[in-house]
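Remarks on the overall topology
Read off the chains here:
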Amino acid sequence: MGVLGAVWLSSSCRQVAGLDGDFVDTSSSGSTASGGGVGGAGGGAGATGGAGGAADVCSTCAADKFCDPSQGCGDCLEASHCTDANKPACVDGKCRECATAADCPTSGDVCYSDLKCGSECTGDGDCPDLCDTDAGVCVQCLTVADCSDQLCHPTQLRCVDCVADSDCPAEASRCQHHDHKCKECLIDTDCASGEICDKQSCHAA
């Protein structure tokens, strides 16, 4: 990972890059996570979601979005991009209430699988769905059997359409981590020559 560079702004999207083009976490508070686990009490911050390579692959990003060169346009790449005090954590390109218990304003609260803060649970009766009693955290699933026609995310413990590209069909072969849904494309290079990715679909440039 390169030495921290400047925040780069363009008319299409913003990137935070190191001198070698790698994305780096410049935040001093709050959490940044990519596919991070559910946050029990005392949980640590996750890793930054940026991937290497600073090619301009997000030609259709709005000016207030940030470009992850693997996942495309998002609301954030790190916690410092989240300006709403009620959603200080950046998780998979979106600002959330929490990524870990450290983001919760009330002492003793934990971060549930829906990325919201709540009290520790001791049994399923304390939760809308299930209680992960090992962590004291309310979750949507513990195994794939808890999800009717979806997958159970192995670390976030919520039901999703996909975790990786390999979970997606050929006609929508990219798994977007923002919402864990399969899309036709996330970045311009997912499309054929002469096309760009706009709103997760390939169109003529």
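About the criteria used
- Residues numbered from 1 in each chain as written.
- Predicted model: local features only at pLDDT ≥ 70, side-chain atom pairs only at ≥ 80, totals over all residues.
- Heavy atoms only, no water.
- Helix = DSSP H or I, 4+ residues; strand = E, 2+ residues; numbered from the N terminus.
- Buried < 20%, exposed > 50% of the residue type's maximum accessible area, 1.4 Å probe, protein only.
- Lys, Arg positive; Asp, Glu negative; His and termini not counted.
- Salt bridge = Lys/Arg side-chain N within 4 Å of Asp/Glu carboxyl O.
- Polar contact = N/O pair within 3.5 Å; in protein donor to acceptor, adjacent residues only side chain to side chain.

Take unusual backbone geometry next. A positive phi is found at His 180, a non-glycine position, where the angle reads about 55 degrees. Its place among the elements puts His 180 in the loop between strand E14 (174-176) and strand E15 (181-183). One non-glycine residue, Lys 199, adopts positive backbone phi at about 55 degrees. Inspection of the secondary structure puts Lys 199 in the loop between strand E16 (195-198) and strand E17 (201-204).

Let us look at the side chain of Asp 188. Tracing the backbone shows Asp 188 in the loop between E15 and E16. Although Asp 188 lies buried, it forms no salt bridge, and the closest oppositely charged side chain, Arg 174, sits 10 Å away as judged by the N-O distance. Separated by 2.9 Å, the side chain of Asp 188 and the backbone nitrogen of Cys 197 make a polar contact.

As enumerated under the stated definition, the model contains five salt bridges in all. Taking the shortest distance from any N to any O, the salt bridge between Asp 161 and Lys 181 comes out at 3.5 Å. With Asp 161 in the loop between strand E13 (159-160) and E14 and Lys 181 in strand E15, this residue pair connects regions lying 20 residues apart in the sequence. What makes Asp 161 partly exposed here is its relative accessible area of 33%. A relative accessible area of 38% places Lys 181 in the partly exposed class. One network of salt bridges, in which partners are shared, links Asp 165, Arg 174 and Asp 190.

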